Amino acid sequence: ARGFQSTTWRLELSCDPPEAGPASVILKSETANQEFNTFSRLNHAFEREVGVYTHCTPRLTDHKPSVYATNATEPFWLLMEDLTHLRSGDQVIGLSYQQTLATIERMAAIHAEFWMDPALQAHDWLPGHGFWFADPKPDVVDDFFATYGVRFGDDVCRLYRAVLEQSSAIDQALEPRPWTLVHGDLRADNLLFGHTIDDPSAVIIDWSWASRSVAAIDIGFLVGGSTPQAQRLGRHEDLLLAWHRELLKRGVRDYPLSEARYDLQLAALRSITAGLAMHSFFGNPETPIRAALFMDDAIQRHAAYALEIEAWAALPDPSAFSLAR
């Protein structure tokens, strides 16, 4: 399978004796797409993923996939446990409410394990707030709104423009917030599911955009970009409560629900600019049709989500956005 930043191979092994190793493994290597490969190397994507699997996930109980070997220098690769028996998330279809909830609870356990852990600050491969969507290209803004303005509607467009105007201030607002290990690209295509469809268990893969930042970034990015409106409308409070409840259950202290709600609104503002970053990829003729479809869906989902949870309340200058028509 070919992703944006990598190519994965399923290798069947012949071992002597047979029980000396697994029957198959997954080899993840760099992509042949030079644009994405350059982007990946510039942002040290493979170093981040290797770092997470080397220094972080060994602390987690029953974390999958297991990693057998890595190469943290060019050419980068990882040799991992084969989990192809699990169901893959699909970004175009999106996540069900049950899949979203299972992922949130799993991610909350990881957030809690590394909550304000000073050991994270010692890793030079782990940036602070190192998101691929935090610095959108200004030269695509006009074309972006020409393409999506009608579908967004007036309220979303005004909120989007307020976010662009206050982008630096939003980053500054993130700085003093409690931090932990975040996935940074938590979406359907980076998830696997076990158990039943009605009661799934989630496995989180592809840590190439890991960073040290506000935990709510993962929740806002997941629900905003991968959960269709039909699955999330009327359930935002339930998802927030499930995440917050799991954090407290796992030992996080001095983090009231009001602060968790504010962080989620702030995360939705930061994540909304993923739409502009995705739109800038459309100009690449090598972009696969499926990738264009899922980005188109995600752009609209993120934009609607920010309005649904009243993320405008977390704007550094909320007066820049008004619900008055």
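Residues numbered from 1 in each chain as written. Predicted model: local features only at pLDDT ≥ 70, side-chain atom pairs only at ≥ 80, totals over all residues. Heavy atoms only, no water.

(A) Up close: the pattern of salt bridges. Inspection of every chain in the model, using the stated rule, returns 17 salt bridges. When the shortest N-O distance is used, the salt bridge between E12 and R10 registers 3.4 Å. Overall, the relative accessible area of 46% leaves R10 in the partly exposed class. One network of salt bridges, with partners in common, ties together R10, E12 and D82. (Salt bridge = Lys/Arg side-chain N within 4 Å of Asp/Glu carboxyl O. Buried < 20%, exposed > 50% of the residue type's maximum accessible area, 1.4 Å probe, protein only.)

(B) Expanded view of the nonpolar core. One finds F152, L181, W207, W243 and L269 to be the most contacted residues of the largest nonpolar core, which totals 93 residues. In this structure, L181 is in contact with V52, C56, M107, I110, H111, F114, L120, L126, W207, A210, S211 and D218, ignoring residues within four places of it in sequence. (Core = buried A, V, L, I, M, F, W, Y, C linked by side-chain atoms within 4.5 Å. Contact = heavy atoms within 4.5 Å.)

(C) Representation of the packing of aromatic side chains. This model, assessed by the stated rule, comprises 15 aromatic pairs. Pairing F152 with Y160 gives two aromatic rings, centres 5.6 Å apart and planes at 15°, and the pair type is stacked. For F152, a relative accessible area of 11% gives the class buried. Look at Y160 and you get buried, because its relative accessible area is 0%. An aromatic cluster of three or more residues is present, and its members are F144, F145, Y148, F152 and Y160. Sitting over the ring of F46, K28 keeps its end group 5.9 Å from the ring centre. Directly above the aromatic system of F145 lies the positively charged group of R161, at a separation of 3.8 Å from the ring centroid. (Phe/Tyr/Trp six-rings, centres within 6.5 Å; stacked < 30°, edge-to-face > 60°. Lys NZ or Arg CZ within 6 Å of the ring centre and 35° of its normal.)

(D) Molecular detail of helix α4 (residues 141–152). With 12 residues, α4 extends only 14 Å from end C-alpha to end C-alpha; this falls clearly short of the ideal 16 Å at 1.5 Å per step. In the core, the buried residues of α4 are packed alongside α5 (154–165), α11 (274–281) and α12 (289–308). At the C-terminal side of α4, G153 shows a positive phi close to 90°. (Helix = DSSP H or I, 4+ residues; strand = E, 2+ residues; numbered from the N terminus. Expected span 1.5 Å × (residues − 1).)

(E) Quick peek at the side chain of H244. Along the chain, H244 falls in helix α9 (residues 236–249). Judged by relative accessible area, which is 9%, H244 ranks as buried. Only 2.6 Å separates the side chain of H244 from the backbone oxygen of Y255, close enough to count as a polar contact. Polar side-chain contacts of H244 include one of 3.5 Å to the backbone nitrogen of L257. Residues contacting H244, with those up to four places away along its chain left out, are Y255, P256, L257 and A260. (Polar contact = N/O pair within 3.5 Å; in protein donor to acceptor, adjacent residues only side chain to side chain.)

The quantities given are spatial measurements derived from coordinates; they are silent on function.
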